[in-house]
Amino acid sequence: MLVAAADGEPRRRSLEAQVLERINHARQNPRAYADELRDLRRYFDGDILFLPDDPNGVYTREGVSAVDEAIEFLERQTPLPPLGHSDLLALAAQDHAEDQGEVGATGHASRDGAGPGERVQRRGGDIYVGESISYGMADADAVVRQLIVDDGVPGRGHRALLFQNDFRFAGVGCGTHRRYRHLCVVDLAATIDGAPALPQYASRTPPRSRAR
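Residues numbered from 1 in each chain as written. Predicted model: local features only at pLDDT ≥ 70, side-chain atom pairs only at ≥ 80, totals over all residues. Heavy atoms only, no water.

Per an unreviewed UniProt entry, the chain carries the name SCP domain-containing protein and comes from Sphingomonas psychrotolerans.

Take a look at the structure:
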């Protein structure tokens, strides 16, 4: 959803578009993103991150150690192709953002028990998708930084999804959250609709004629 601008002013890009842009920046330029995280280190006071113009700070579970671990990961990471935007994945992501935001829920299950694949199916796609969710962040830089640093998340699962080589498309849905004020849902897939990605040779193989 784009925010309407006054007459004569350019329309501001949506938060969802900015989040996808920042994800692609990190995928295509992992070492440059590592440098951005190095700069972030100086704003820590113990486990609290005090960014400029934020006197309240953001509490973290691991402090600068999680940032350092992310930097090491990014230094080893091979640049990846950018993710293309998928309208279908974005609709499924927005469905979950609205469902969770209304009641202040967290996690990947909707109130009716549906998971990411089922939500994409309801929008006309297939089940082969991954999902990362950011809570509490109101701007694209903070959303993507939270997912990549993955503070307090065993296995760094959100980061792993963003840098999964097989993924080629993503859709982002953001909104307000009753408990954390903000959330952004990112659904990712190898195909534009969450269908399984077929090997290249399979797409070139002509269908067999039926025996009569």
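Help me understand the overall build of the chain in this model?
When helices and strands are tallied, the chain shows eight helices and seven strands. Here the chain holds 212 residues, and 42% of them are scored as buried. Counting contacts in the chain only where the partners sit at least 6 residues apart, residues at least 24 apart contribute 65% of the total. When the accessible surface of the chain is summed, it comes to about 12,100 Å², and 50% of that surface belongs to carbon and sulfur atoms. (Helix = DSSP H or I, 4+ residues; strand = E, 2+ residues; numbered from the N terminus. Buried < 20%, exposed > 50% of the residue type's maximum accessible area, 1.4 Å probe, protein only. Contact = heavy atoms within 4.5 Å. Areas by Shrake-Rupley, 256 points an atom, 1.4 Å probe, with all protein chains shown as cover.)

Mind showing me how you'd approach the sheet that holds strand 1 (residues 44-45) here?
Hydrogen bonds along the backbone pair up the strands of a sheet, which may run parallel or antiparallel. Spatial ordering of the open sheet is given by 1-2-3, a layout of three strands whose pairing is antiparallel. Two strands lie at the open edges of the sheet, namely strand 1 and strand 3 (58-59), each paired on one side alone. (Pairing = 2+ DSSP bridges.)

Can you walk me through the pairing of strand 7 (residues 181-189) in this structure?
Regular strands place side chains that alternate from one sheet face to the opposite one. When you tally the buried positions in strand 7, you get seven out of nine residues, the bulk of the element. In terms of strand pairing, strand 5 (residues 129-135) meets strand 7 through seven bridges, oriented antiparallel. Within the sheet, the bridge partner assigned to I133 lies in strand 7 and is V185. As paired strands, strand 6 (residues 169-177) and strand 7 are joined by nine bridges and run antiparallel to one another. In the strand pairing of strand 7, C174 is matched with C184.

Before we go on, may I ask you to explain helix 6 (residues 140-149) in this structure?
For an α-helix, the turn length of 3.6 residues means that residues three or four places apart are oriented alike. For helix 6, the buried fraction is high: eight of the ten residues fall into the buried class. Those residues of helix 6 lying buried are A140, A142, V143, V144, R145, L147, I148 and V149. The residue sitting at the N-terminus of helix 6 and contributing the capping side-chain oxygen is D139; that oxygen lies 3.1 Å from the backbone nitrogen of D141. One or two positions beyond helix 6, positive phi appears at D150, with a value near 55 degrees. (Polar contact = N/O pair within 3.5 Å; in protein donor to acceptor, adjacent residues only side chain to side chain.)

Got a minute to help me understand the state of the cysteines in this structure?
Think of a disulfide as a covalent bridge from one cysteine sulfur atom to another cysteine sulfur atom. Inspection of the entire model under this criterion finds one disulfide. Each disulfide pairs two cysteine sulfurs, and for C174 the partner residue is C184, the sulfurs being separated by 2.0 Å. One quick way to see it: the torsion about the S-S bond of C174 and C184 is about 110 degrees, and its sign makes the bridge right-handed. Of this pair, C174 sits in strand 6 while C184 sits in strand 7; the two residues are ten residues apart in sequence, bridging distant segments of the chain. Given a relative accessible area of 0%, C184 falls into the buried group. (Disulfide = S-S within 2.5 Å.)

Would you mind going over the side chain of H177 with me for this structure?
With respect to the secondary-structure elements, H177 resides in strand 6. Only 3.1 Å separates the side chain of H177 from the backbone nitrogen of R179, close enough to count as a polar contact. With near-sequence residues (within four places) excluded, H177 lies in contact with Q100, G101, G104, A105, T106, Y135, H182 and L183.

How should I be thinking about the side chain of R159 in this particular structure?
Note that R159 resides in helix 7 (residues 157-162). Ignoring anything within four residues of it in the chain, the contact list for R159 reads A66, E69, A70, F73, L147, I148, V149 and D150.

Which parts of the structure should I look at to understand the packing of aromatic side chains?
For the structure shown, the criterion picks out two aromatic pairs. Taking the centre distance of 5.4 Å and the plane angle of 70 degrees together, the rings of F73 and F163 count as edge-to-face. One end of the pair, F73, is in helix 3 (residues 64-76); the other, F163, is in the loop between helix 7 and strand 6, with 90 residues separating them in the sequence. Summarising the burial analysis for this pair, F73 and F163 share the class buried. Both rings, one in Y135 and one in Y180, keep their centres 5.8 Å apart while their planes meet at 50 degrees; by these two values the pair is tilted. Linking Y135 in strand 5 with Y180 in the loop between strand 6 and strand 7, this pair joins segments that are 45 residues apart in sequence. You can call Y135 buried: its relative accessible area is 17%. Given the relative accessible area of 32%, Y180 is considered partly exposed. Its end group placed over the ring of F73, R159 keeps NZ or CZ at 4.9 Å from the ring centre. (Phe/Tyr/Trp six-rings, centres within 6.5 Å; stacked < 30°, edge-to-face > 60°. Lys NZ or Arg CZ within 6 Å of the ring centre and 35° of its normal.)

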